[in-house]
Amino acid sequence: MNVLVINAGSSSLKYQLIDMSSETVMAKGNCERIGTDGAFIGFKTEDGQKIERKTPMHNHTEAFEAVKNVLIDPEYGAIKELSEVAAIGHRIVQGGAYYDKSVLIDDVVLEKIRELSPLAPLHNPAHIQGIEACTKVFGEKIPQVAVFDTAFHQTMPEKAYMYAVPYEYYEKYGVRKYGFHGTSHRYVSEKMAELMGKPKEELKIITCHIGNGSSITAIDGGKVIDTTMGLTPLGGFMMGTRSGSLDPSVVTFVAEKENLSIDDVNTILNKKSGLLGVSGVSSDDRDVTKAEEEGNARAKLAHDMLYYQIAQYIGSYYVAMGGCDAIVFTAGLGENQPILREKVCDYLKCLGVELDKEFNNKARLGVTGTLSSASSKIRVELIATDEEMVIARDTKAIVEAL
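Just so we're clear, the structure is a prediction, and the values are computed from it rather than from any experiment.

Caption draft 1: The arrangement of the side chain of T395 in detail. Of note, T395 is situated in helix 15 (residues 387-400). Every residue in contact with T395, bar those within four places of it in the chain, is listed here: V3, A87, I88, G89 and V145.

Printed below as a string of structure tokens:
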């Protein structure tokens, strides 16, 4: 079975075609700047060559047409005809409390995704566009599956997901913690159990998905008991441009002083804070690292804050679970920034964490493995995440059960 995995954004569309008989990626690429004159599709050929084609894409339907044309391209295509695609799996950011697992998309599911758009205004509307455009291009007969970022976190107890605001806001508007990056946390936690040779039900694992957007999750017995992101991906610790959680009075105080609107505040907290806001340099950690190496004090402060906050959450989840068997680092920074892992683990020495610093320094750009020393009380692992494979596996299982 060949499964097409789709991640649709407001002006972008990422795709992978995966042969599920061997779980190998047959084709992958992305459409960028959809709706602008500069729209293009980029993809990799079988021999690893990267190709970009300027392609008019005024909407997601035209983007799917571009993907279709690349997949069956006489020279570069991975398949000869579209019928070789058996099913399509979509990444959906917000499934709310409705979905604790992946589901086959029908009119009811589509309407629920639409209903939840206020909780993910930048994402869910784009996902709907992707699903509807997919139907137009591939036809109504091809099964489509929704895989929710929030689903894995639905095992959280009330004490973890509720906020201490008037309960009526939960009843009226669904104000609560939902968590995100669930597909990634699920993949690496299950991979960690596999590497340890133990059932996930017997393990306490803390997974750290650290990239431009970041979250940490406590997983006890295969079930999430808490996670850092909240109602939106803004919660938790500081990220590339996001502030993370803070004293709510900061918002009202600064808004009054600067005469800011709600939209202004939203922009500041989501797009002008985090590493960018503190360092004043960039949201890209590579730029902040370079600035720190050149003696930029604010760049160093930004990193010191980040390492401290990550360690704080790991420590709090150790307490929440009553121990920890393994800590996993994954995603862009988690996989490729040895100094981040080292600084965080230095804070965790009090928990018995000991890092193999020699291997940690080598572990980047596709190098994965055990970061902790043999004498460490908690195993620390670097695992490359693969959200697309989780989406493809869920899609295959659901479609085969029809």
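Caption draft 2: Local environment of the packing of aromatic side chains. Under the definition given, this model contains ten aromatic pairs. A centroid spacing of 6.4 Å and a plane angle of 40° characterise the contact between Y161 and Y170, whose relative ring orientation is tilted. You can call Y161 buried: its relative accessible area is 10%. By relative accessible area, which is 22% here, Y170 ends up partly exposed. A ring pair is formed by Y169 and Y173, whose centres lie 6.5 Å apart and whose planes are at 25°; its orientation type is stacked.

Caption draft 3: Quick peek at empty space enclosed by the protein. Considering all chains together, one arrives at one cavity of 30 Å³ or more under this definition. In this structure, the largest cavity spans a volume of roughly 50 Å³. As for the largest cavity, its lining consists of F152, R186, S189, E190, K200, L203, I205, I219 and G222. With three residues, helix 6 (residues 182-196) is the largest single contributor of residues to the lining of the largest cavity.

Caption draft 4: Fine view of the packing of helix 2 (residues 107-115) against helix 3 (residues 124-138). Running from N to C, helix 2 and helix 3 cross one another at 155°; their axes reach a closest spacing of 8 Å. Here helix 3 runs roughly antiparallel to helix 2, going by the angle between their axes. Here helix 2 runs over helix 3; the crossing is left-handed. Residue-level contacts link L110, I113 and R114 of helix 2 to N124, I128, I131 and E132 of helix 3. By residue class, the composition of the contact of helix 2 with helix 3 is four nonpolar, one polar and two charged.

Each value, and the rule that gives it
Residues numbered from 1 in each chain as written. Predicted model: local features only at pLDDT ≥ 70, side-chain atom pairs only at ≥ 80, totals over all residues. Heavy atoms only, no water. Helix = DSSP H or I, 4+ residues; strand = E, 2+ residues; numbered from the N terminus. Contact = heavy atoms within 4.5 Å. Phe/Tyr/Trp six-rings, centres within 6.5 Å; stacked < 30°, edge-to-face > 60°. Buried < 20%, exposed > 50% of the residue type's maximum accessible area, 1.4 Å probe, protein only. 1 Å grid on protein atoms, 1.4 Å probe; cavity = no way out; pocket = protein on both sides within 12 Å on 5 of 7 lines; lining within 4 Å. Points joined across faces, edges and corners; volume = space filled by probe spheres on them. Axes fitted to C-alpha atoms, helices over the stretch in contact; angles between N-to-C directions. Parallel < 35°, antiparallel > 145°, perpendicular 65-115°, else oblique. Left-handed = near helix turned anticlockwise from the far one by under 90°. Nonpolar A, V, L, I, M, F, W, Y, C, P; charged D, E, K, R; others polar.

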